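Structural features, examined
Letter by letter, the chains look like this.
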Amino acid sequence: MSDKTERYARYLPLASVSGILVLWQLISSFSGWSENVLPGPWAVASAFGELIANGTLLQHAVASLFRVTAGFYIAVMLGIPLGILIGRSLALRSALDPIINFMRPISPLAWIPLAMLWFGIGDKPAVFLIFLSSFFPLVTSTAVAVRRINPTYFQVAANFCFSRKEVLMKVILPAITPDVFTALRISVSIAWLVVVAAEMIAVQSGLGYLILDARNGLRMDYVMVGMIVIGLIGVALDHLMLQLSHMDSMAWRGRV
Amino acid sequence: MGDFITVLEDVNLEFFDGEMVCVLGPSGCGKSTMLRMIAGFEPISHGRILIDNEPVKGPSANNVFVFQHSGLLPWMTVWENVQLGLRQMEDPAEQAAQIQEYIDMVELTNFEHHFPHQLSGGMQRRAELGRALAVNPDMLIMDEPFTGLDFLTHMKMREEVVNMHEFLGKTTLMVTHFIDDALIMGTRIVVMNDTPAEVKLNILLDSSHPRDFSRNEELRDLRDEIYFMLGVNYAV
């Protein structure tokens, strides 16, 4: 019984995707909307081919990925160490928690006017927005993960006369790695959401710009190609982060 | 010149080198806290704790603590955990030989590269004991080391700790809530009563191992006395 279900389950994603495509085709054929308002799957597929052939798609995708990578990298490099410090120090926690909690709910997009004013036009404001989107969640998650470390492990460290560096390398970092990976996975998704929005305002390249530019040219087929590529890259990024979280450094938890 | 420990508040105790001290008492009476103070994990507000005439200032590798729930670092294998106590050794070959020796001693040969979660409860306790012994500390401090083990593993671990104590002669300080454990294992038994903690009984036990209740009237009488002291009418 469960064996049978499992065998069918493998084909279900294929079935549901085909179902959506058929539905899409039906709606675009019979809804009465013109191709300019709702292009059908075939029109979008041919637009896809066009944009791949002339290199536009690759160029825009690379531009977006570059901004996400840069902003995310800076957020990780600053956010995780700061999170560890906050997690370990009551004084820092008391001082910075209110500020971080205040900044966190402000959408990175609300920063767009200031970001453009401070960093001008180009990659910098977009990278800054990505940084903001990932930085605060990473600081908070890391600090929470550090505080959740079983105090017994710090007593073991004291009992075995660990140096500060050993406490960091042998207790704190391995203990928080699983939680931090979960936080990284979530932050990458947020960063990817934000980059597209940021590119609609501040820059002349990237998938967000592609969509905005296509809208201005009333090319809804290009708009949909942009959306599909954003979705595919988002899935790929998430998958990549999931793969990273199955690395050897997590073997001690056992397979969950 | 013996080790001695004085816990002053309502409690005034002195232990000597090579003893196996078993501390009994109702839960929450502060016996674990006393152990943690001796280990240097908790500050003391009044009084003094002296080890070898030196006041305890904080945790030290001379007194290794064996935790009630596993104190093994879960992200390290058995080998890496045991290695923690031998980090300062300079010759890697010599270090590896030592690590292996202690792993063999606690009968975890072939489990060197297992993570704690891959071991049974009893094996985890043995691994932690091996890690503690590898430091070659002056004193082992064990906080309810058999809690959570199944009955047979408990019996076997108890025997192993007794053998280890007879073999290595390490001063051992153990808190337990199993009265029989104290009677079977201890060379000194301390009974504390409810908060504020106060020593009700502090007695040396010199009968040899193996100790058998059915053949040892002195042991039986002491057991009855301790049960009575802790509020249990053993004759039910």
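Everything numeric in this text was worked out from a predicted model, so none of it was measured. (Residues numbered from 1 in each chain as written. Chains lettered and ligands numbered in written order. Predicted model: local features only at pLDDT ≥ 70, side-chain atom pairs only at ≥ 80, totals over all residues. Heavy atoms only, no water.)

**Topic: the packing of helix α4 (residues 56-88) of chain A against helix α7 (residues 123-147) of chain A**
Residue and element names in this part refer to chain A. Where α4 meets α7, the closest approach of the two axes is 6 Å, and the angle between their N-to-C directions is 30 degrees. Considering the angle they form, α4 stands roughly parallel to α7. Considering only the axes of α4 and α7, their crossing is right-handed. (Axes fitted to C-alpha atoms, helices over the stretch in contact; angles between N-to-C directions. Helix = DSSP H or I, 4+ residues; strand = E, 2+ residues; numbered from the N terminus. Parallel < 35°, antiparallel > 145°, perpendicular 65-115°, else oblique. Left-handed = near helix turned anticlockwise from the far one by under 90°.)

**A look at unusual backbone geometry**
Residues and elements named next belong to chain B. Residue D52 is not a glycine yet carries a positive backbone phi of 55 degrees. Here D52 is to be found in the loop between β2 (50-51) and β3 (54-55). Even without a glycine there, the phi angle at N136 is positive, about 55 degrees. Here N136 lies in the loop between α4 (121-134) and β5 (139-143).

**Things to note about the sheet that holds strand β6 (residues 171-175) of chain B**
Residue and element names in this part refer to chain B. Taken together, the 6 strands give an open sheet; going across it, the order is β4-β5-β6-β1-β7-β8, and neighbouring strands pair in mixed fashion. Both outer strands of the open sheet, β4 (63-66) and β8 (199-204), are each paired with one neighbouring strand and no more. Neighbour-to-neighbour, the strand axes of this sheet turn through a mean angle of 15 degrees, independent of strand direction. As defined by bridge partners, β4 adjoins β5 across 4 bridges and the pair is classed as parallel. Within β5, the residue paired with V64 across the bridge is L140. Along the sheet face, helix α1 (residues 31-38) touches β1 (20-24), β4, β5, β6 and β7 (188-192) and points at about 150 degrees away from the line of β5. (Pairing = 2+ DSSP bridges. Contact = heavy atoms within 4.5 Å.)

**Describing a nonpolar patch on the surface**
On the surface, L23, I27, W33 and V37 of chain A cluster together to form a nonpolar patch covering roughly 410 Å² of accessible area. Mapped onto the elements, V37 of chain A comes out in the loop between α2 (12-30) and α3 (41-53). (Patch = residues over 30% accessible without salt bridge, like charges linked within 9 Å, V, L, I, M, F, W, Y side chains within 5 Å. Areas by Shrake-Rupley, 256 points an atom, 1.4 Å probe, with all protein chains shown as cover. Salt bridge = Lys/Arg side-chain N within 4 Å of Asp/Glu carboxyl O.)

**Some remarks on the pattern of salt bridges**
This structure, assessed with the given rule, holds 14 salt bridges over all chains. The salt bridge involving K170 of chain A is made with E166 of chain A; its shortest N-O contact spans 3.3 Å. Of this pair, K170 of chain A and E166 of chain A both sit in helix α9 (residues 164-199), 4 residues apart, which is roughly one turn of the helix. Residue R126 of chain B is joined to E160 of chain B by a salt bridge in which the shortest nitrogen-to-oxygen separation is 4.0 Å. Of this pair, R126 of chain B sits in helix α4 while E160 of chain B is found in helix α5 (residues 151-168), placing the two residues 34 residues apart along the sequence. Each of R67, D123 and E199 of chain A takes part in a single network of salt bridges with overlapping partners.

**Observations regarding the interface of chain B and chain A**
Taken together, the contact pairs 23 residues of chain B with 18 residues of chain A. Both faces combined, the contact of chain B with chain A buries some 1800 Å², and carbon together with sulfur accounts for 68% of it. For the pair chain B and chain A, the interface holds 1 salt bridge. The closest approach of N and O atoms between R87 of chain B and E166 of chain A, which form a salt bridge, is 2.6 Å. Run the count over chain B and chain A and you get 9 residue pairs in polar contact (both at pLDDT 80 or more). With 3 residues, β4 of chain B is the largest single contributor of residues to the side of chain B that touches chain A. Taken together, the residues of the side of chain B that touches chain A break down into 14 nonpolar, 6 polar and 3 charged. (Buried area = accessible area lost by both parts, 1.4 Å probe. Polar contact = N/O pair within 3.5 Å; in protein donor to acceptor, adjacent residues only side chain to side chain. Nonpolar A, V, L, I, M, F, W, Y, C, P; charged D, E, K, R; others polar.)

**Examining empty space enclosed by the protein**
Residues and elements named next belong to chain B. As enumerated under the stated definition, the model contains 2 cavities of 30 Å³ or more in all. Here the largest cavity is characterised by a volume of approximately 60 Å³. Together, L129, L133, L140, M142, V161, M164, H165, L168, K170 and T172 line the largest cavity. Residue assignment for the lining of the largest cavity shows that the elements contributing at least two residues are α4, β5 and α5. (1 Å grid on protein atoms, 1.4 Å probe; cavity = no way out; pocket = protein on both sides within 12 Å on 5 of 7 lines; lining within 4 Å. Points joined across faces, edges and corners; volume = space filled by probe spheres on them.)

**Quick look at helix α5 (residues 90-103) of chain A**
Residue and element names in this part refer to chain A. Counted at 1.5 Å a residue, the expected span for α5 with its 14 residues is 20 Å, and the 20 Å between its end C-alpha atoms agrees. Bending of α5 peaks at approximately 40 degrees at the position of L96, with proline P98 no more than four residues after it. Looking only at α5, the buried set comprises R93, I100 and M103. (Expected span 1.5 Å × (residues − 1). Bend = angle between axes of the 7 residues up to and from the residue. Buried < 20%, exposed > 50% of the residue type's maximum accessible area, 1.4 Å probe, protein only.)

**Overview of the packing of aromatic side chains**
All names here are of chain A. Applying the stated rule across the entire model yields 10 aromatic pairs over all chains. Seen from their ring centres, W111 and W118 are 6.2 Å apart, and the 65 degrees between their planes marks the pair as edge-to-face. Pairing W111 with F128 gives two aromatic rings, centres 6.0 Å apart and planes at 80 degrees, and the pair type is edge-to-face. Here F128 lies in helix α7 and W111 lies in the loop between α5 and α6 (112-119), a separation of 17 residues in the sequence. (Phe/Tyr/Trp six-rings, centres within 6.5 Å; stacked < 30°, edge-to-face > 60°.)

**Observations concerning the domain arrangement of chain A**
Residues and elements named next belong to chain A. Taken domain by domain, chain A consists of domain 1 (1-32) and domain 2 (40-253). Spacing between the C-alpha centres of domain 1 and domain 2 amounts to 32 Å. The interface of domain 1 with domain 2 comprises 4 residues on the first partner and 6 residues on the second. For the domain 1 face of the interface with domain 2, the top three residues by lost area are W24, Q25 and S28, together amounting to 93%. Counting the contacts that link domain 1 with domain 2 gives 0 salt bridges. At the surface where domain 1 touches domain 2, the tally comes to 1 residue pair in polar contact (both at pLDDT 80 or more). The residue inventory of the side of domain 1 that touches domain 2, partitioned by class, reads 2 nonpolar, 2 polar and no charged. (Domains from an automatic or database assignment.)

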